[in-house]
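# Observations on the three-dimensional arrangement
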Amino acid sequence: MQVQERVKRFIVENFYVADPEELTADTSLLTGGYVDSTGMLEVVQFLEEEYRLEVADQEMVPANLETIARIAAFVARKAGAPPGA
Amino acid sequence: MFSREVLRIDAAKVADGIEQAIRDQVLVHLKRRGAVVGMSGGIDSSVVATLCRRALGPEKVLGLLMPERDSSGDSLRLGQALADHLGIRREVEDVAPALEGLGCYARQLEAIRTAVPEYGEGWRCKLSLPSLLEGERLSITTLTVADPSGRQRRVRLPAAGYLQLVAATNFKQRVRKMMEYYHADRLAYAVAGTPNLLEYDQGFFVKQGDGAADFKPIAHLYKTQVYALAEHLGVPAEIRGRPPTTDTFSLAQSQEEFYFSLPHREMDLCLWAHDHAVAPAEAGAVLGLRAEQVERVYRDIEAKRRVARYLHAQPLLAGETGGG
């Protein structure tokens, strides 16, 4: 499964998303009210376990984690693979 | 025009208004005979106790001091000193045995050990947030632990461990509130809440813990204004000069490292500026911050308000009750 799809499934299954269609790759998870800061801790833990990577404190920034697209790009960078892989 | 003066108040007038409100609320509306105030030796509870004493008279205010295992000795000493200064009755209720019985400390320990297995006797800890001023970081809390030699390190707790640590720690505020209501029921008194506007607005309280009360006389005042009121009311200088702490964890922890992103004076001004649509650059010029730093604080204010909605929510009913 593509990273974007997998991350979206995790969010839809673990947080309240009224209409999954509204949650696009570019929707802000934080300002959109989907995931709060504690929830983001769960997202980071999911990424670390699912993709066997370590997220450093300084990497926990909106540029890496604010949207599903950014998360996928971040995972790809961490894995050394092209975005969307 | 935004300036540091926007929070200036006529302290005498504000105090008179609050004292009248306390009399109306406690005696007339709630039909209670006095007020119970949990006193922590901090600025907010000291101001509330003083206002209650002035509004109701010293014989109608009970000050409760409720230390537990991780409380600073200063909290008890200053709380007692203020109660004596005000001439109100005071009682010390050590809540540590209740917390022990509920498993508060054991559950905290279990949670901390999910990240630091060697944590035990002689270790201390606190939770902290990254500084918003240093860069664009998500507000994700980390745990700072100090081993018995005092050497500190920061770790990130797994989500379940973090939630358990917060949930176990919340017993402290909830047990204290339970004790306040015991005395309130015994005396037919009302329970005073002590949040200031910053805490009330941003959700810096425990639901059904320090968030519970019958009246909250300073919830409309910025913390800066609470300090101005404290000076007007003659709250002792040692209390006014004490840095705000949470007094909740075994390592000393400031309120800004635990919850707020800036020292309270700047945080107050940022909240005012945010709510009055002051442009980040204009606010930053007054606060000595860059516009992007103010933008980050604005976003954090909004994020905390989203979290606070649940904390403020009353129990929801599924239908009309008819009684009104």
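Up top is the structure.
Please read these numbers as outputs of a predicted model, since none were measured by experiment. (Residues numbered from 1 in each chain as written. Chains lettered and ligands numbered in written order. Predicted model: local features only at pLDDT ≥ 70, side-chain atom pairs only at ≥ 80, totals over all residues.)

The next thing to look at is the overall build of chain A. Each helix and strand in chain A was counted, giving four helices and zero strands. Going residue by residue from the N terminus, the α and β elements of chain A occur as α-α-α-α. Here the C-alpha radius of gyration of chain A, 12 Å, is about what a compact globule of 85 residues would show, namely 12 Å. In terms of overall dimensions, chain A has C-alpha extents of about 35 × 25 × 20 Å along its principal axes. Going through the 85 residues of chain A one by one, you find that 28% of them count as buried. (Helix = DSSP H or I, 4+ residues; strand = E, 2+ residues; numbered from the N terminus. Rg over C-alpha atoms; globule rule 2.2 N^0.38 Å. Buried ≥ 20, exposed ≤ 12 C-beta atoms within 10 Å, placed from the backbone.)

Glancing now at the sheet that holds strand β5 (residues 142–146) of chain B. Residues and elements named next belong to chain B. A sheet is described by the order of its strands in space; here three strands give the open sequence β4-β5-β6, paired in antiparallel fashion. In this open sheet, the two strands that pair with only one neighbour each are β4 (124–128) and β6 (152–155). For this sheet the average axis-to-axis angle between neighbouring strands, irrespective of direction, equals 25°. One ladder, built from five bridges, connects β4 with β5; its direction is antiparallel. The residue bridging K126 from the neighbouring strand is T144, located in β5. (Pairing = 2+ DSSP bridges. Axes fitted to C-alpha atoms, helices over the stretch in contact; angles between N-to-C directions.)

Consider a sheet: its strands pair through backbone hydrogen bonds, and that pairing is either parallel or antiparallel. Residue and element names in this part refer to chain B. Spatially, β3-β2-β1-β7 is the arrangement adopted by the four strands of the open sheet, whose pairing is parallel. Of all the strands in the sheet, the pair left with one neighbour each is β3 (89–92) and β7 (190–191). Direction of pairing for strand β1 (residues 35–38) relative to β7: parallel, over a ladder of two bridges. When the sheet's bridge partners are listed, A35 is paired in β7 with A190.

Residue and element names in this part refer to chain B. The element strand β2 (residues 61–65) is largely enclosed, with a buried count of five among its five residues. Alternating positions in β2 separate into two faces, V61, G63 and L65 on one and L62 and L64 on the other, with burial throughout. Bridge count for β1 against β2 is four bridges, and the pairing is parallel. Of the residues in β2, the one forming a bridge with A35 is V61. Assessed by its sense of winding, the connection that carries the chain from β1 through helix α2 (residues 43–56) to β2 is right-handed. Examined bridge by bridge, β2 and β3 share four bridges and lie parallel to one another. Each residue of the ladder has a partner; that of L62, found in β3, is R89. Between the parallel pair β2 and β3, the chain is carried across by helix α3 (residues 73–86), and the sense of this crossover is right-handed. (Right-handed = clockwise from strand over helix to strand, strands pointing away.)

Look at helix α2 (residues 37–50) of chain A against helix α6 (residues 159–187) of chain B: their axes get within 9 Å of each other, and the N-to-C directions meet at 155°. Judged by the inter-axis angle, α2 of chain A sits roughly antiparallel to α6 of chain B. Across the interface between the two elements, T38, L41, E42 and Q45 of chain A of α2 of chain A pack against A159, Y162 and L163 of chain B of α6 of chain B. A per-class count over the contact of α2 of chain A with α6 of chain B returns four nonpolar, two polar and one charged. (Parallel < 35°, antiparallel > 145°, perpendicular 65-115°, else oblique. Contact = placed C-beta atoms within 7 Å. Nonpolar A, V, L, I, M, F, W, Y, C, P; charged D, E, K, R; others polar.)

So, about the packing of helix α1 (residues 11–29) of chain B against α2 of chain B. All names here are of chain B. At a minimum axis separation of 9 Å, α1 and α2 run at an interaxial angle of 70°. Taken together, the axes of α1 and α2 lie roughly perpendicular to each other. Where α1 crosses over α2, the two elements pack in a sense that is right-handed. Facing A15, I18, E19, I22, R23 and V26 of α1, the residues of α2 in contact are L51, C52, R54, A55 and L56. Class assignment for the residues of the contact of α1 with α2 results in eight nonpolar, no polar and three charged. (Left-handed = near helix turned anticlockwise from the far one by under 90°.)

Attention shifts here to the interface of chain A and chain B. Listed as interface residues are 14 residues of chain A and, on the opposing side, 14 residues of chain B. Breaking the side of chain A that touches chain B down by element, the ones donating at least two residues are α2 and α3 (62–65) of chain A. The dominant element in the side of chain A that touches chain B, judged by the number of residues it contributes, is α2 of chain A, at six residues.

All names here are of chain B. Summarising burial for helix α8 (residues 223–233): eight of the 11 residues are buried, a large majority. Taken together, the buried positions of α8 are occupied by K223, T224, Q225, V226, Y227, A228, L229 and A230. Those residues of α8 that are buried are in contact with α1, α2, α7 (197–202), α9 (237–240) and α11 (264–275). Trailing α8 by a residue or two, G234 shows a phi angle of about 80°, which is positive.

Moving on, we get to the nonpolar core. When a protein is soluble and globular, its nonpolar side chains tend to lie buried together. Residue and element names in this part refer to chain B. Of all hydrophobic cores here, the largest spans 100 residues; its most connected members are A35, V37, C52 and C270. It is α2 that contributes the most residues to this core, eight residues altogether. Setting aside residues up to four positions removed in sequence, C52 forms contacts with I22, A35, V37, V61 and A192. (Core = buried A, V, L, I, M, F, W, Y, C linked by C-beta atoms within 7 Å.)

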